[in-house]
Amino acid sequence: MNTVNTVRELRAAVAQARREGKQIALVPTMGNLHAGHAALVEKAAQRADFVVASIFVNPMQFGPAEDLDKYPRTLQADQQRLIDAGCHLLFHPDVEEMYPGGMGEQTRVSVPGVSEGLCGTSRPGHFEGVATVVTKLFNMVQPDLAVFGQKDFQQLAVIRTMVRDLNMPIEIIGEPTVRAESGLALSSRNGYLSDEQRATASVLYRSLKHIAGAIQGGERDLPKLLADAQRQHAAAGLRADYLEVREARALRPASPGDRELVVLVAAYLGNTRLIDNLTFTLDQGY
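Cut-offs applied
- Residues numbered from 1 in each chain as written.
- Predicted model: local features only at pLDDT ≥ 70, side-chain atom pairs only at ≥ 80, totals over all residues.
- Heavy atoms only, no water.
- Helix = DSSP H or I, 4+ residues; strand = E, 2+ residues; numbered from the N terminus.
- Buried < 20%, exposed > 50% of the residue type's maximum accessible area, 1.4 Å probe, protein only.
- Areas by Shrake-Rupley, 256 points an atom, 1.4 Å probe, with all protein chains shown as cover.
- Lys, Arg positive; Asp, Glu negative; His and termini not counted.
- Charge placed at Lys NZ, Arg CZ, Asp CG, Glu CD.
- 1 Å grid on protein atoms, 1.4 Å probe; cavity = no way out; pocket = protein on both sides within 12 Å on 5 of 7 lines; lining within 4 Å.
- Points joined across faces, edges and corners; volume = space filled by probe spheres on them.
- Nonpolar A, V, L, I, M, F, W, Y, C, P; charged D, E, K, R; others polar.
- Expected span 1.5 Å × (residues − 1).
- Axes fitted to C-alpha atoms, helices over the stretch in contact; angles between N-to-C directions.
- Parallel < 35°, antiparallel > 145°, perpendicular 65-115°, else oblique.
- Left-handed = near helix turned anticlockwise from the far one by under 90°.
- Contact = heavy atoms within 4.5 Å.
- Core = buried A, V, L, I, M, F, W, Y, C linked by side-chain atoms within 4.5 Å.
- Pairing = 2+ DSSP bridges.
- Right-handed = clockwise from strand over helix to strand, strands pointing away.

Moving on, we get to the overall build of the protein chain. Scanning the protein chain from N- to C-terminus turns up 10 helices and nine strands. For the protein chain, the spread of C-alpha atoms along the three principal axes comes to 55 × 40 × 40 Å. A total of 286 residues make up the protein chain; the buried ones form 51% of that total. As displayed, the protein chain has an accessible area near 13,500 Å², and 47% of this comes from carbon and sulfur atoms. Side-chain charges in the protein chain split into 30 positive and 33 negative, and the spacing between the mean points of these groups amounts to 2 Å.

The subject of this paragraph is the layout of surface pockets. For the second largest pocket, the calculated volume is near 350 Å³. As for the second largest pocket, its lining consists of 15 residues, of which F153, R160, A248, R249 and A250 are closest to the centre. Every element with two or more residues in the lining of the second largest pocket is listed here: α7 (153-165), β8 (260-269) and β9 (272-281). Of all the elements, α7 adds the most residues to the lining of the second largest pocket, at six residues. Considering only residue class, the lining of the second largest pocket consists of eight nonpolar, three polar and four charged.

An ideal rise of 1.5 Å per residue puts 22 Å on 16 residues; helix α6 (residues 126-141) measures up with 23 Å between its terminal C-alpha atoms. Among the 16 residues that make up α6, 14 are buried, leaving the element largely enclosed by the rest of the structure. Just downstream of α6, Q142 is the residue with a positive phi angle, here 50°.

Okay, the packing of α6 against α7 next. Closest axis-to-axis distance for the α6/α7 pair is 10 Å, and the angle between their directions is 50°. Between α6 and α7, the interaxial angle falls into the category oblique. The element α6 and its partner α7 pack so that their crossing is right-handed. Contacts between α6 and α7 involve F127, V130, A131, V134, T135 and F138 from the former and Q154, Q155, V158, I159, M162 and V163 from the latter. The residue inventory of the contact of α6 with α7, partitioned by class, reads nine nonpolar, three polar and no charged.

Our focus in this paragraph is α7. Under the 1.5 Å per step criterion, the end-to-end length of α7 is 18 Å for 13 residues, consistent within 8% with the ideal 18 Å. Within α7, 10 of the 13 residues are buried, which leaves the element mostly enclosed by the surrounding structure. Among all positions of α7, only F153, Q154, Q155, L156, A157, V158, I159, T161, M162 and V163 are buried. Taken together, the buried residues of α7 touch α5 (119-122), α6, β5 (145-149), β6 (171-175), β8 and β9. Positive phi shows up at N167, right after α7, with a value of about 55°.

Here we take up the nonpolar core. Judged by nonpolar contacts, the single largest core of 47 residues is most densely connected at L10, V52, F138 and I172. Listed by contribution, the elements that provide at least two residues to this core are α1 (7-19), β2 (24-29), β3 (50-55), β4 (89-91), α6, β5, α7 and β8. Counting residues per element, this core draws most heavily on α6, which supplies nine residues. The contacts of I172, once residues within four sequence positions are left out, are F138, A146, F148, L156, I159, R160 and V163. Among the nonpolar cores identified, the runner-up in size contains 29 residues, and Y205, L226, L274 and L282 belong to it.

A separate point is the pairing of β3. Extensive coverage of β3 is indicated by the burial of six of its six residues. A two-sided burial pattern is seen for β3, the buried positions comprising F50, V52 and S54 on one face and V51, A53 and I55 on the other. One ladder, built from six bridges, connects β2 with β3; its direction is parallel. In the strand pairing of β3, T29 is matched with I55. In this fold, the crossover linking β2 to β3 by way of helix α2 (residues 35-47) has right-handed handedness. Where β3 and β4 come together, three bridges link them in parallel fashion. Each residue of the ladder has a partner; that of A53, found in β4, is L90.

Here it is, written out as structure tokens:
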């Protein structure tokens, strides 16, 4: 695996792969990689001949009170994990390479509708930062396909909508969430948790499964169902951000007739913000 730091080097390497007739896949990341990221690269390697991964801690998607400076940078370990997963090229730019004119003058990409509510409310400007940097990466690499994790469900919906609306000729693949034995969704931010907190955090996935199972079983009193779950979270020491059931494709609130649903949660454990989701299908509609 080669590592490059500039757009010029990136484009040259991708152009060579193109000349060789290879299909190109992209896996954008912010580094501090875990088994969930490895699964994305492995899926990309199954679907394409030449896998490009990026590691860039994007300041545009962090709010002023968020953990940009504390976000772990683990390049050497990340490189080895990417090699083991089948990556061919790592793009590891600095901020000046990605935003040479400064972020204040940077053209930005906004995806209305699907980016609103949920994390869009909790993290104003976050999805504009995500959409902008992913658009830049797509333009730099021009991949045939790109792989993203379903753990960041709203992010995946934003990217799919952006690609559709801007007529980008890129197939977007969502890879299922990788979980610890406890059910806790793997996340780079889990590194901030103690062993005791990791065990506590597993209540989130258990509650998602309970909510999905109850709705599939005919329960329709969503306010009560969600309130009961929030009480369980609070009793475990979690501070609520949101817990909602939405239609899975457009991410609008669930309404009668919907069959593809997703329950999404965000909560704080100590100072660490955790997110998770679970999609499920109804036979007769909501």
